[in-house]
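Residue-level structure breakdown
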2 protein chains.
Amino acid sequence: MTDSTNQRIVLASRPVGAPTPENFRLETVAKPEPKEGEVLLRTIYLSLDPYMRGRMSDAESYAEPLAINDVMIGGTVCQVEASNNPDFQVGEWVLSYTTGWQKYSLSNGVGLLKLGVNPTNPSWALGILGMPGFTAYMGLLDIGAPQAGETIVVASATGPVGSTVGQIGKIKGCRVVGIAGGEEKCRYAVEVLGMDACIDHKAEDFAEQLKEACPQGIDVYFENVGGKVFDAVMPLLNTKARMPVCGLIAQYNATSLPEGPNRLSQLTGLILTKRLKVQGFIIFDDYGHRYGEFAEDMNKWVAEGKIKYREQVEVGLENAPEQLIGLLEGKNFGKLVIEVAKPL
Amino acid sequence: MTDSTNQRIVLASRPVGAPTPENFRLETVAKPEPKEGEVLLRTIYLSLDPYMRGRMSDAESYAEPLAINDVMIGGTVCQVEASNNPDFQVGEWVLSYTTGWQKYSLSNGVGLLKLGVNPTNPSWALGILGMPGFTAYMGLLDIGAPQAGETIVVASATGPVGSTVGQIGKIKGCRVVGIAGGEEKCRYAVEVLGMDACIDHKAEDFAEQLKEACPQGIDVYFENVGGKVFDAVMPLLNTKARMPVCGLIAQYNATSLPEGPNRLSQLTGLILTKRLKVQGFIIFDDYGHRYGEFAEDMNKWVAEGKIKYREQVEVGLENAPEQLIGLLEGKNFGKLVIEVAKPL
């Protein structure tokens, strides 16, 4: 079924601290018409990811911030609903980073990644086979460079990045200790994802439990949260430990620096005395040229059942703001995807 | 002239904050006698270096701390005064890391580096051709990996590490901005060492001057000081900047963390958004296997006059404590070496 209107969600105002529903506005506008050379994309799945919080602020970051009234950005899996471009046929699936939070968009085809006419699990291009999976793969293997027998620690252990880091760590013969919020997620990390242990960061004795779970210390800490998790990790880092940094979700909503003392010198001192390597990365900017290598390994691991993948699919574009707010609080369980429309 | 006694300086007590003369004790003991297989080493030059401060504390670090009453550690250049070891002849020069702050020591030869019978500038094995030069070379080239046209910033710009970093940076075609304490050192860094600019960290508008000297931002910050220099560097770091960390002299005497706010999350946030690589290293542990590569390049550069080297030689073992205390305050100018005895 098609529609004669387009719905989209724009940035209404910048959040101060955690985003609220008032920071978003749902708009109904005319459905766009593809001109010569263009395709009309129908959004089927919209990905929700922590980095979106950063783009809502105007603080300097690795990408330009959104302007007020801009359509919220995000990866989408779309179908071609109408085509005036000979390279694309109606019904074909594509991955788009230019659509964002809306039901319909136009494209001249540049930057669209073709997913075929009848893909298996098309939404996985937003997760295990896309940005989050690729982030886990390159950050862990290229920066973390784990050796068999070493200990890897990763937070958000049931999320799309953390769960992939943990499972690749097991494939590489490492001890993997996950960190997640709540008993259910921790059980899933161990029983389904095969991690050696998973610690609940909501536990009062979290730091102590983490220490007990890492009797040989930590060789790779895959940093995607920051905050108190990093505080607990710091004293456990081994000499020559590696720390890929792909996210700091615990810090995104902060409106000011935490109270003192100023521990900046404690971190640089640790980097010196433990000879740590700490390296930030943005997956497509730094590793875009190695996507093929990732896709080959990951498709094989998924086919062999070595990597398991969990999605949480929520229906309806209008629910995206509430779901993103919940994501930043750790409410989701698995890769969060909005089903914007049924396939053609 | 030889002597029938040995003099040595031991750690009398652990410093709280900056070391004081009371933390050291000069002892006179019997001159040791070499047994079968041993050599008697006569210390000619003793190196003084910032890392020694760390070894005086019992805080966890990359090396075991000294025990109270241990002879202070340090690199020395010695001559063989007596030999019961067929591999060493009297009068031969060696580099020793087991002698420390004393006039005489015994060795079975293990770990001694032979410098020959009549070396040119034997004390240079403690500086440009030794640990500090090697630190500058590997930290800059392996971790910093500067490309021609990039901007390198290094503090302690007239010290043995900083001056070498700066001069290698110029050999590699980079813009080099040094930081040093006082006008005389800054002039030397530019006029003699060939740096493009050198900023006096004692200037009130130091951070502003540094910014003006780095119109293209900073691509490599060679970290050997920490403290307020790093504070001024942080906002100037470019995307994908590299930061080898070999020392934090500004922090060594700190007895507590600075007042808040807690800026740890500011540093991790910067590492993420700028995709920085921050890596600590200990030269012989991490790069010992690449010493040959360094020695070849450095001997060539020195012979060609491309690298200039400045020493400050102070006479008398008894002056070593006062000189080390001054070194930690930036009072030295060039590589600080104690002449413990005249050559045989």
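Relevant structure appears above.
What comes next is a walk through the structure. These numbers come from a predicted model, not from an experiment.

So, the pattern of salt bridges
One pass over the structure, following the stated rule, counts 38 salt bridges over all chains. Across the salt bridge formed by R275(A) and D285(B), the nearest N and O atoms sit 3.6 Å from each other. Separated into two different chains, R275(A) in the loop between helix 7 (264-273) and strand 13 (277-280) and D285(B) in helix 8 (residues 283-287) make up a pair that spans both. For R275(B), the salt bridge identified is with D286(A), shortest N-O distance 2.6 Å. Of this pair, R275(B) sits in the loop between helix 7 (264-273) and strand 13 (277-280) while D286(A) sits in helix 8 (residues 283-287), on two different chains. Residue class for R275(B) comes out buried when judged on its relative accessible area of 12%.

Some thoughts on the interface of chain A and chain B
Facing 39 residues of chain A, the contacting portion of chain B comprises 39 residues. Between chain A and chain B, the buried area comes to about 3400 Å², and carbon and sulfur atoms account for 64% of it. Where chain A packs against chain B, one counts 15 residue pairs in polar contact (both at pLDDT 80 or more). Only strand 12 (237-245), helix 7, strand 13 and helix 8 of chain A provide two or more residues apiece to the side of chain A that touches chain B. With 9 residues, the top contributor of residues to the side of chain A that touches chain B is helix 7 of chain A. For the side of chain A that touches chain B, the residue count by class is 18 nonpolar, 12 polar and 9 charged.

Points about the packing of helix 2 (residues 131-144) of chain A against helix 3 (residues 160-171) of chain A
All names here are of chain A. Packing of helix 2 against helix 3 leaves a shortest axis separation of 8 Å and a crossing angle of 45°. In this view, helix 2 runs oblique relative to helix 3, as classed from their interaxial angle. Crossing angle aside, the handedness with which helix 2 passes helix 3 is right-handed. Contacts from P132, G133, T135, A136, Y137, L140 and L141 of helix 2 reach helix 3 at P160, V161, T164, V165, I168 and G169. A breakdown of the residues in the contact of helix 2 with helix 3 according to their chemical character gives 9 nonpolar, 4 polar and no charged.

Some details on the packing of aromatic side chains
All names here are of chain A. Going through the model one piece at a time under the given rule, you end up with 28 aromatic pairs over all chains. When the ring of Y137 is compared with that of W301, the centres are 6.0 Å apart and the planes differ by 50°; the resulting orientation is tilted. Highlighted residues: Y137 in helix 2 and W301 in helix 9 (residues 291-303), separated in sequence by 164 residues. In this structure Y137 comes out as buried when scored by relative accessible area, which is 3%. With a relative accessible area of 5%, W301 lands in the buried category. Within the aromatic cluster, the residues linked to one another by ring pairs are Y97, F134, Y137, F284, Y291, F294 and W301. Geometry around Y188 places R310 over its ring, the cationic atom sitting 5.0 Å from the centre.

Cut-offs used in this document
- Residues numbered from 1 in each chain as written.
- Chains lettered and ligands numbered in written order.
- Predicted model: local features only at pLDDT ≥ 70, side-chain atom pairs only at ≥ 80, totals over all residues.
- Heavy atoms only, no water.
- Salt bridge = Lys/Arg side-chain N within 4 Å of Asp/Glu carboxyl O.
- Helix = DSSP H or I, 4+ residues; strand = E, 2+ residues; numbered from the N terminus.
- Buried < 20%, exposed > 50% of the residue type's maximum accessible area, 1.4 Å probe, protein only.
- Contact = heavy atoms within 4.5 Å.
- Buried area = accessible area lost by both parts, 1.4 Å probe.
- Polar contact = N/O pair within 3.5 Å; in protein donor to acceptor, adjacent residues only side chain to side chain.
- Nonpolar A, V, L, I, M, F, W, Y, C, P; charged D, E, K, R; others polar.
- Axes fitted to C-alpha atoms, helices over the stretch in contact; angles between N-to-C directions.
- Parallel < 35°, antiparallel > 145°, perpendicular 65-115°, else oblique.
- Left-handed = near helix turned anticlockwise from the far one by under 90°.
- Phe/Tyr/Trp six-rings, centres within 6.5 Å; stacked < 30°, edge-to-face > 60°.
- Lys NZ or Arg CZ within 6 Å of the ring centre and 35° of its normal.

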